Amino acid sequence: MIENLPPCPKCACEYTYEMNALVVCPECGHEWVPAESSAEGDGGTEERVVKDAVGNVLGDGDTVTVVKALKVKGSPSGIKAGTKVRNIRLIDGVDGHDIDCKIDGFGAMQLKSSVVKKA
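Residues numbered from 1 in each chain as written. Predicted model: local features only at pLDDT ≥ 70, side-chain atom pairs only at ≥ 80, totals over all residues. Heavy atoms only, no water.

**Focus: the state of the cysteines**
Logical step 1: Evaluated as defined, the whole model comprises zero disulfides.
Logical step 2: As a non-bridged cysteine, Cys11 has Cys25 as the owner of its nearest cysteine sulfur, 3.5 Å distant. (Disulfide = S-S within 2.5 Å.)

Shown next as structure tokens:
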């Protein structure tokens, strides 16, 4: 239960009440989920910003360069520094691995944004 209910976003009525997962305004009848109203009030959706090793903002489809040699399980050589990776995809990965990509000679894998720089 929410202790301090937000005022109605449509009519600014202070007498809102909770009904299951919704907050309801008795004056205008507007119903909303409280989490949505806080995101709207803050100026939009919160988008996660992923930055590379030098601070550049990365986006889906970017080309990046690996900045340090990486060991890969099952591979005798690993990924060398300077390897270009094209068409990356940003994800919410495990253990800080936030880039999904395909690397020539290695196949599909996930990388950390801290070991790449925007090309």
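**With respect to unusual backbone geometry**
Logical step 1: The phi angle at Ala12 is positive, at roughly 65°, despite the residue not being glycine.
Logical step 2: Assignment of secondary structure puts Ala12 in the segment before strand 1 (17–19).
Logical step 3: When its relative accessible area of 54% is taken as the criterion, Ala12 is described as exposed.
Logical step 4: Even without a glycine there, the phi angle at Asp95 is positive, about 65°.
Logical step 5: Its location among the elements puts Asp95 in the loop between strand 6 (89–90) and strand 7 (97–103).
Logical step 6: Given the relative accessible area of 65%, Asp95 is considered exposed. (Helix = DSSP H or I, 4+ residues; strand = E, 2+ residues; numbered from the N terminus. Buried < 20%, exposed > 50% of the residue type's maximum accessible area, 1.4 Å probe, protein only.)

**Quick notes on the pattern of salt bridges**
Logical step 1: By the definition in use, this model includes two salt bridges.
Logical step 2: Put simply, Asp62 and Lys118 hold a salt bridge, and the shortest N to O gap is 3.6 Å. With Asp62 in the loop between helix 1 (34–41) and strand 4 (64–66) and Lys118 in strand 9 (residues 116–118), this pair connects stretches of sequence that are 56 residues apart.
Logical step 3: Residue Asp62 is classed as buried on the basis of its relative accessible area, which comes to 17%.
Logical step 4: Residue Lys118 is classed as partly exposed on the basis of its relative accessible area of 34%.
Logical step 5: Between Arg89 and Asp100 there is a salt bridge, with its nearest N and O atoms 2.5 Å apart. Separated by eleven residues along the polypeptide, Arg89 in strand 6 and Asp100 in strand 7 bring together distant segments of the chain. (Salt bridge = Lys/Arg side-chain N within 4 Å of Asp/Glu carboxyl O.)

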